[in-house]
Amino acid sequence: MLVVEKIESINSIKDQSTTDYFFQATNFIQNYTASIMSRDNLLIVEAEGEARIDASFNAVVEFIEWYNQDRSEKEVQSC
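Since we're looking at a predicted model, the values are computed, not measured. (Residues numbered from 1 in each chain as written. Predicted model: local features only at pLDDT ≥ 70, side-chain atom pairs only at ≥ 80, totals over all residues. Heavy atoms only, no water.)

**Some remarks on the overall build of the chain**
Move 1: Per the secondary structure count, the chain includes two helices and three strands.
Move 2: In the chain, the succession of helices and strands from N to C terminus is α-β-β-β-α.
Move 3: Here the chain holds 79 residues, and 27% of them are scored as buried.
Move 4: With an accessible surface of roughly 5700 Å², the chain has 51% of that area assigned to carbon and sulfur atoms. (Helix = DSSP H or I, 4+ residues; strand = E, 2+ residues; numbered from the N terminus. Buried < 20%, exposed > 50% of the residue type's maximum accessible area, 1.4 Å probe, protein only. Areas by Shrake-Rupley, 256 points an atom, 1.4 Å probe, with all protein chains shown as cover.)

**Considerations on the pattern of salt bridges**
Move 1: Here the structure, examined in full by the defined rule, presents one salt bridge.
Move 2: Across the pair arginine 39 and aspartate 20 runs a salt bridge, and its minimum N-O distance is 2.5 Å. Here arginine 39 is found in the loop between strand S2 (32–38) and strand S3 (43–49), whereas its partner aspartate 20 is found in the loop between helix H1 (2–8) and strand S1 (21–27), with 19 residues between them in sequence.
Move 3: Residue classification places arginine 39 among the partly exposed positions, given a relative accessible area of 32%. (Salt bridge = Lys/Arg side-chain N within 4 Å of Asp/Glu carboxyl O.)

**Some remarks on the sheet that holds S3**
Move 1: Here three strands make up an open sheet; going across it, the order is S1-S2-S3 and the pairing antiparallel. Pairing within the sheet leaves two strands with one partner each, and these edge strands are S1 and S3. Looking at each pair of strands side by side, their axes are set apart by 15° on average, direction ignored.
Move 2: Relative to S3, S2 is paired through six bridges, and the arrangement is antiparallel. Among the inter-strand pairings, isoleucine 36 is bridged to a residue of S3, identified as valine 45. (Pairing = 2+ DSSP bridges. Axes fitted to C-alpha atoms, helices over the stretch in contact; angles between N-to-C directions.)

**Focus on the packing of aromatic side chains**
When we look at a pair of aromatic rings, we describe it by the centre distance and by the angle of the planes.
Move 1: Tallied over the full model, the rule gives five aromatic pairs.
Move 2: Relative to tryptophan 66, the ring of tyrosine 21 lies with its centre 5.9 Å away and its plane at 80°, an arrangement referred to as edge-to-face. Of this pair, tyrosine 21 sits in strand S1 while tryptophan 66 sits in helix H2 (residues 52–78); the two residues are 45 residues apart in sequence, bridging distant segments of the chain.
Move 3: Consider the rings of phenylalanine 63 and tyrosine 67, whose centres lie 5.7 Å apart with planes at 25°: the pair is stacked. Highlighted residues: phenylalanine 63 and tyrosine 67, both in helix H2, separated by four residues, approximately one helical turn.
Move 4: Exposure remark for phenylalanine 63: the relative accessible area of 2% places this residue in the buried category.
Move 5: The partly exposed category is assigned to tyrosine 67, whose relative accessible area is 21%. (Phe/Tyr/Trp six-rings, centres within 6.5 Å; stacked < 30°, edge-to-face > 60°.)

**A word on the confidence of the model for the chain**
Move 1: Overall, the prediction assigns the chain a mean pLDDT of 80, with 76% of residues at 70 or greater.
Move 2: Model confidence for the chain, summarised as mean pLDDT per element, is weakest for H1 at 73 and strongest for S3 at 93. (pLDDT = per-residue confidence, 0-100.)

The structure is reproduced here in structure tokens:
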């Protein structure tokens, strides 16, 4: 998914070879779990779905909401 590739390519520190976020989808017996973690292996979001695409979509939506909220809070603090 293109959006997953974009998330994995986010790099807040320029000229650094590592990215800030990593995506992982895991298949369990009944469903899939998709996770997006920080470079420091901190879990940012985790979502489930009956298919990998569902879990991925849910995780991406949650990540975008978290990312936009986190950025807007930082902008308010810097004012």
